[in-house]
Amino acid sequence: MKYIISLILLFYISSVNANEIFNLLKIPNLEIYNTNSSNGLKYLYAKNDFKIGLKKNISCDKSKKNQLNKKYLIVEKNLNKYEADFLIKNNLKFIILCENLTVSSINTGGVPNIIKRSLILDINFNQNHFERMIHHEFFHMIQAKHNEIFDETL
């Protein structure tokens, strides 16, 4: 009887976490990878493929475990360069790791969203430019958060 109750509780807690993630980010099929980073970032990964956006024009494939484990270390190392206060000021809290990220069928390294405080990263992005891409995509969040400083009308 104890085992049955334990299994039910485990299933319930897992589904509650998945529902909470979906309610926060509106991205289906995400699982928690790490929530204890030194700068407060929460790392999630695509358990299954997903499509999001008003026209479902943003898509990404599920993460293969071996690729995810390898690329997570690189992403974490690069994002650990930023202190928690700086990340908070620029609306970054969630990192979503997936593969083959596209926007309107065009491959892209990342999709920032300051409203949802999230950054989707393609862990299959060009190996030679992967680390640079992480900072580039985060800069888009900084730029969007402080658009009064980054006047692009000139």
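Here the structure is a predicted model, which is why all the values come from computation and not from measurement. Along each chain, residue indices are assigned from 1 in the same order as the chain's sequence is written. Since the coordinates come from a predicted model, pLDDT governs what is reported: local features require at least 70, and pairs of side-chain atoms require 80 or more to be given and counted, while whole-chain, interface and lining totals use all residues. Neither water nor hydrogens contribute to the side-chain values; these are computed over all heavy atoms in the structure.

*Asks:* Looking at this model, I keep getting lost on the overall build of the protein. Mind explaining?
*Replies:* The helix and strand labels rest on DSSP assignments: H or I over at least four residues marks a helix, E over at least two residues marks a strand, and numbering proceeds from the N terminus. Regarding its fold elements, the protein presents four helices and eight strands. Working definition: with a 1.4 Å probe on protein chains only, accessible area under 20% of the residue-type maximum means buried, over 50% means exposed, and in between means partly exposed. Put simply, the protein has 154 residues, and 37% of those count as buried. Any two residues whose heavy atoms approach within 4.5 Å are treated as being in contact. Of the contacts made within the protein by residues no fewer than 6 positions apart, 59% connect residues no fewer than 24 positions apart. Per-residue and other accessible areas follow the Shrake-Rupley method at a 1.4 Å probe size, with only the shown protein chains counted as cover for residues. Accessible surface for the protein amounts to roughly 9,700 Å². Of this, 57% is attributable to carbon and sulfur atoms.

*Asks:* Where do I start with the state of the cysteines in this structure?
*Replies:* In a disulfide, the sulfur atoms of two cysteines are held together by a covalent bond. What counts as a disulfide here is a pair of cysteine sulfur atoms lying within 2.5 Å. This model, assessed by the stated rule, comprises one disulfide. Shown here is the disulfide that connects Cys60 with Cys98, its sulfur atoms set 1.9 Å apart. The sign of the S-S torsion, about 90°, decides the handedness of the disulfide formed by Cys60 and Cys98: right-handed. Pair noted here: Cys60 is in strand S4 (residues 58-61) and Cys98 is in strand S5 (residues 94-103), with a separation of 38 residues, a long-range link.

*Asks:* Explain helix H4 (residues 130-145) here, please?
*Replies:* Each α-helix winds once per 3.6 residues, and so residues spaced three or four apart point in a common direction. For a helix, the expected span equals 1.5 Å multiplied by the number of residues minus one. Its 16 residues place the ends of H4 23 Å apart at the C-alpha level, agreeing with the 22 Å of an ideal helix rising 1.5 Å per residue. Every buried residue of H4 is accounted for by Phe130, Met133, Ile134, Glu137, Phe138, Met141, Ile142 and Gln143. Buried residues belonging to H4 abut helix H2 (65-79), helix H3 (84-89), strand S7 (110-113) and strand S8 (118-122).

*Asks:* What exactly am I supposed to notice about H2 here?
*Replies:* Compared with the 21 Å implied by 1.5 Å per residue over 15 residues, the 20 Å span of H2 between its first and last C-alpha is a close match. Of the surrounding secondary structure, the elements contacted by the buried residues of H2 are strand S1 (30-34), strand S2 (42-46), S5, S8 and H4.

*Asks:* Please explain the nonpolar core as it appears in this structure.
*Replies:* Inside soluble globular proteins, nonpolar side chains tend to come together where they are buried. Put simply, a nonpolar core is a bunch of buried Ala, Val, Leu, Ile, Met, Phe, Trp, Tyr and Cys residues held in one set by side-chain atoms that sit within 4.5 Å of each other. Counting residues in each nonpolar core, the largest one holds 22 residues, and the members touching the most others are Val75, Leu79, Leu92, Ile95, Leu97, Leu121 and Phe138. Listing elements by their share of this core, those giving two or more residues are S2, H2, S5, S8 and H4. If one sorts the elements of this core by residue count, H4 sits on top with six residues. Formed by 15 residues, the second largest nonpolar core is a distinct cluster that contains Phe50, Ile96, Cys98 and Ile120.

*Asks:* Quick question: what am I supposed to make of the packing of aromatic side chains here?
*Replies:* Any two of the Phe, Tyr and Trp rings considered here, Trp counted by its six-membered ring, make a pair once their centres fall within 6.5 Å; the pair's planes then place it as stacked at under 30 degrees, edge-to-face at over 60, or tilted in between. Under the counting rule described, the total for this entry stands at seven aromatic pairs. Ring centres of Tyr82 and Phe138 lie 4.8 Å apart, and the angle between their planes is 65°; this geometry places the pair in the edge-to-face category. Highlighted residues: Tyr82 in the loop between H2 and H3 and Phe138 in helix H4, separated in sequence by 56 residues. We classify Tyr82 as buried; its relative accessible area is 18%. Considering the side-chain rings of Phe139 and Phe150, the 5.3 Å spacing of their centres and the 85° angle between planes classify their relative orientation as edge-to-face.

*Asks:* How should I be thinking about the confidence of the model for the protein in this particular structure?
*Replies:* Any residue range with low pLDDT should be treated as having predicted coordinates unsuitable for detailed reading. Every residue gets a pLDDT, meaning the predictor's confidence in that residue, from 0 to 100. Summary statistics for the protein give a mean pLDDT of 87 and a share of 84% for residues scoring 70 or more. Confidence drops under a pLDDT of 50 for residues 6-16, and excluding neighbours within four residues, the segment shows zero contacts in the predicted structure.

*Asks:* Teacher, can you tell me more about the side chain of Gln143 here?
*Replies:* Inspection of the secondary structure assignment puts Gln143 in helix H4. Residue contacts for Gln143: discarding those within four places in its chain leaves Phe150 and Glu152.

*Asks:* So what exactly am I meant to see when it comes to the side chain of Ser37 here?
*Replies:* Among the secondary structure elements, Ser37 is positioned in the loop between S1 and S2. Among the residues examined, Ser37 registers a relative accessible area of 11% and is labelled buried. Counting of polar contacts relies on pairs of N or O atoms within 3.5 Å, with two restrictions inside protein: one atom must be capable of donating a hydrogen and the other of accepting it, and residues adjacent in sequence are counted only when both atoms are side-chain atoms. At 3.2 Å, the side chain of Ser37 and the side chain of Asn39 are in polar contact. If we skip the residues at most four places from it in the chain, Ser37 touches Tyr43 and Glu76.

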